[in-house]
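One-letter residues, chain by chain:
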Amino acid sequence: MTHALDRKAAVGGLVTSLEEISLKVHDKSSGRIARAIRRARELGPLKLLDLARRHGIKGSLQFALGNVRHIAADRFARRWDCRHGVNTSGSIQLSSLTIDSPNKAFGNECLCISPNTFDFVVESLPGDLSSYTFIDFGAGKSRTLLLASRFNFAKIAGVEFAKELVEYSKHNLRHFKAEWQRCHNLEILEADATEYIVPATPLVLFFYNPFKREVFVQVLNNILTSLDNTKRDCFIVYCSSSHNAIDWARSLILDSGRFEEIPTQPMPMFLDTVRAVRFGVFRAV
Ligand SMILES: C[S@@+](CC[C@H](N)C(=O)[O-])C[C@H]1O[C@@H](n2cnc3c(N)ncnc32)[C@H](O)[C@@H]1O
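A. Inspection of the site of the ligand at higher detail. What surrounds the ligand is a group of 29 residues, the closest being Gly 107, Cys 110, Cys 112, Gly 138 and Gly 140. Those elements giving two or more residues to the shell around the ligand turn out to be β2 (110–111), α4 (143–148) and β4 (155–160). Looking at side-chain class alone, the shell around the ligand contains 15 nonpolar, nine polar and five charged residues.

See below:
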């Protein structure tokens, strides 16, 4: 196992321009309206009516509303990016990315968390975070790292295994501007989450639906080993949106016997997100 902090892949120069990368990656969020119109044209009015009849009024309305929410959330994400001089939005498919890991098949697409969702989750953490290192497992284009920099963490790091997303992240960490930023010690590491050894400091370990259970089990074991070696404050924050990953993640974390769950408020339905995120916050005991 390598210590990811030692890797040469930590923040360096841009290898490829972002324009080249953006031509290569498959972003499902762009062109959603055009795709819907094209599909409607292909089907024609009769088939469309037939589909609507089969799914019923409720099903059809839910489908339409889901698409509107996707488009709205994407617009919010892109506006946030513009305001802060970065590119963190999109719905990037892992199949179009360069990933040198046996765990590629277990990874979830890159989709950033919304600012309202993230701020709501952080409310469950201690008020003073100045001794904690924040780690995002599956950091994507580093939206979460940038959002975390609003709080006074000692250090913020992200682990991401897709080469192109790491390039976006390096660009984003360099160009990000926000008057509210409090932590400026940010780092992105190109590594598989299972190879990453957490630092021996107080920790906030963040997961936003990054990978399947098989990978999470290994990551959790590494965390437990590190806590065995150095006992310290540690929080795991687990968020899941489209999958019900929080259910199996909660069981695995609590069954370890090493964490207790902190009571949290149910997540409201924020306008800048497609659906309300389900989450749990766990404190090492
Ligand atoms: C849902 S996205 C999270 C995005 C990020 N937290 C943000 O807020 O923008 C999941 C990310 O996890 C990454 N990922 C999946 N499996 C991984 C693994 N084994 N090691 C490192 N990164 C992984 C994917 O490439 C993807 O970027």
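Next comes the rest of the description.
B. Spotlight on the nonpolar core. In this structure, Ile 135, Val 204, Leu 205, Phe 206, Phe 235, Val 237 and Cys 239 are the most contacted members of the largest nonpolar core, which totals 69 residues. Residues in contact with Cys 239, not counting those within four places in the same chain, are Ile 113, Val 121, Phe 207, Tyr 208, Asn 209, Val 277 and Phe 279.

C. Local environment of the environment of Tyr 168. You can see Tyr 168 is positioned in helix α5 (residues 163–175). On the basis of neighbour counts, which here come to 27 C-beta atoms within 10 Å, the residue Tyr 168 falls in the buried class. As for Tyr 168 and Ser 17, which are separated by 151 residues in sequence, their C-alpha atoms are 9.3 Å apart. When neighbours within four sequence positions are excluded, Tyr 168 is seen to be in contact with Leu 18, Ile 21, Asn 87 and Lys 141.

D. Fine view of helix α3 (residues 115–122). Those residues of α3 lying buried are Thr 117, Phe 118 and Val 121. One side of α3 holds all its buried residues, which, seen down the axis, span an arc of 95°. Elements that come into contact with the buried residues of α3 comprise α4, β7 (234–240) and β9 (278–284).

E. Quick look at the pairing of β9. The element β9 is largely enclosed, with a buried count of five among its seven residues. Pairing of β7 with β9 involves six bridges; the strand directions are antiparallel. Each residue of the ladder has a partner; that of Phe 235, found in β9, is Arg 283. As judged from the four bridges shared by strand β8 (residues 259–262) and β9, these two strands associate in the antiparallel manner. By the bridge assignment for β9, Ile 262 is matched with Val 281.

What counts and how
- Residues numbered from 1 in each chain as written.
- Predicted model: local features only at pLDDT ≥ 70, side-chain atom pairs only at ≥ 80, totals over all residues.
- Near = placed C-beta within 6 Å.
- Helix = DSSP H or I, 4+ residues; strand = E, 2+ residues; numbered from the N terminus.
- Nonpolar A, V, L, I, M, F, W, Y, C, P; charged D, E, K, R; others polar.
- Core = buried A, V, L, I, M, F, W, Y, C linked by C-beta atoms within 7 Å.
- Buried ≥ 20, exposed ≤ 12 C-beta atoms within 10 Å, placed from the backbone.
- Contact = placed C-beta atoms within 7 Å.
- Arc of directions from axis to C-beta.
- Pairing = 2+ DSSP bridges.

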